Amino acid sequence: MYILERQQRVTASVEQAWAFLQNPANLDRITPLDLQFRIVTDVPAIMYNGLIVEYRITIPLMGTHTWVTEIKHIREGLSFVDEQRLGPYRFWYHYHAIRQENDGVLLIDQVFYQPPFGLLGQLLHRFYIRRTLERIFEYRRQRLNEFLSEPSTAG
């Protein structure tokens, strides 16, 4: 099992950050274009426990995949989980949290995952999968900063 953890401060309020994250359609806005990510199912503007969302995603060198996740463990304004039901990983559990701090709002991501293909998957993880996930989450960081932080006024 592997873990990817990221934290990011934004200047938006908790309410603004939650409003953005609770809309499943916004996932498309924070996913790199080369993944050709698209939501297949109709999604509501506000997620709810048990929401099943189907996506199509193209992973470079690995092809196009159907990815089905379930939204669960929602704690309004605080956290939620998206858990893979069908997709490219053997296991995927992504915990999202929002925490108010003195100097802004902290966005927290913890992804617990296991690649497919057993030993081959471990090798692929070392040379490809981890780097790809880091690139995706760096893109997410940049996009979330655009949507949830004010431009700096420092000269």
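What you are looking at is a predicted structure, and each value in this text was computed from that prediction instead of being measured.

A separate point is the nonpolar core. If you look at the biggest cluster of nonpolar residues, it comprises 35 residues, and the most contacted ones within it are Ile98, Leu107, Tyr113 and Leu148. Of all the secondary structure elements, the ones that give two or more residues to this core are strand E1 (2–10), helix H1 (14–21), strand E3 (52–59), strand E4 (63–75), strand E6 (91–101), strand E7 (104–114) and helix H2 (118–148). For this core, the element with the highest residue contribution is H2, accounting for 7 residues. Among all residues touching Tyr113, those that are not within four sequence positions of it are Met1, Tyr2, Ile3, Leu4, Tyr89, Phe91, Trp92, His125, Ile129, Arg130 and Leu133.

Here we come to H1. Since the α-helix packs 3.6 residues into each turn, any two residues three or four apart lie on the same face. Turning to H1, its buried residues number three or more, namely Val14, Ala17, Trp18, Phe20 and Leu21. Buried residues of H1, seen end-on, are gathered within an arc of 160° and therefore sit on one face of the element.

Another point: the pattern of salt bridges. Applying the stated criterion across every chain yields a total of 12 salt bridges. Linking Asp103 and Arg9 is a salt bridge whose minimum nitrogen-to-oxygen distance equals 3.0 Å. Of this pair, Asp103 sits in the loop between E6 and E7 while Arg9 sits in strand E1, and the two are 94 residues apart along the sequence. Classification of Arg9 as partly exposed rests on a relative accessible area of 41%. A salt bridge links Arg135 to Asp34, with the nearest nitrogen and oxygen atoms 3.1 Å apart. Of this pair, Arg135 sits in helix H2 while Asp34 sits in the loop between H1 and strand E2 (38–39), placing them 101 residues apart in sequence.

Ordered by their spatial adjacency, 7 strands build an open sheet running E1-E7-E6-E5-E4-E3-E2, and the pairing between neighbours is antiparallel. Of all strands in the sheet, those bounded by a partner on one side alone are E1 and E2. For strand E5 (residues 79–86) and E6, the ladder comprises 5 bridges, and the chain directions are antiparallel. Paired with Ser79 across the two strands is Ala97, which belongs to E6. Of the strands in this sheet, E4, E5, E6 and E7 touch H1, which is tilted by about 155° from E6. Most of the contacts of H2 go to E1, to which it runs at about 15°, and overall it touches E1, E3, E6 and E7.

The end-to-end C-alpha separation of H2 is 38 Å, well short of the 45 Å expected for 31 residues at 1.5 Å each. Of all the bends in H2, the largest measures some 65° and sits at His125. Packed against the buried residues of H2 are E1, H1, E3, E6 and E7.

Another point: a nonpolar patch on the surface. Taken together, the side chains of Phe117, Leu120, Leu123 and Phe127 make up a nonpolar region of the molecular surface, amounting to roughly 440 Å² of accessible area. Along the chain, Phe127 turns up in helix H2.

Analysis parameters
- Residues numbered from 1 in each chain as written.
- Predicted model: local features only at pLDDT ≥ 70, side-chain atom pairs only at ≥ 80, totals over all residues.
- Heavy atoms only, no water.
- Core = buried A, V, L, I, M, F, W, Y, C linked by side-chain atoms within 4.5 Å.
- Buried < 20%, exposed > 50% of the residue type's maximum accessible area, 1.4 Å probe, protein only.
- Helix = DSSP H or I, 4+ residues; strand = E, 2+ residues; numbered from the N terminus.
- Contact = heavy atoms within 4.5 Å.
- Arc of directions from axis to C-beta.
- Salt bridge = Lys/Arg side-chain N within 4 Å of Asp/Glu carboxyl O.
- Pairing = 2+ DSSP bridges.
- Axes fitted to C-alpha atoms, helices over the stretch in contact; angles between N-to-C directions.
- Expected span 1.5 Å × (residues − 1).
- Bend = angle between axes of the 7 residues up to and from the residue.
- Patch = residues over 30% accessible without salt bridge, like charges linked within 9 Å, V, L, I, M, F, W, Y side chains within 5 Å.
- Areas by Shrake-Rupley, 256 points an atom, 1.4 Å probe, with all protein chains shown as cover.

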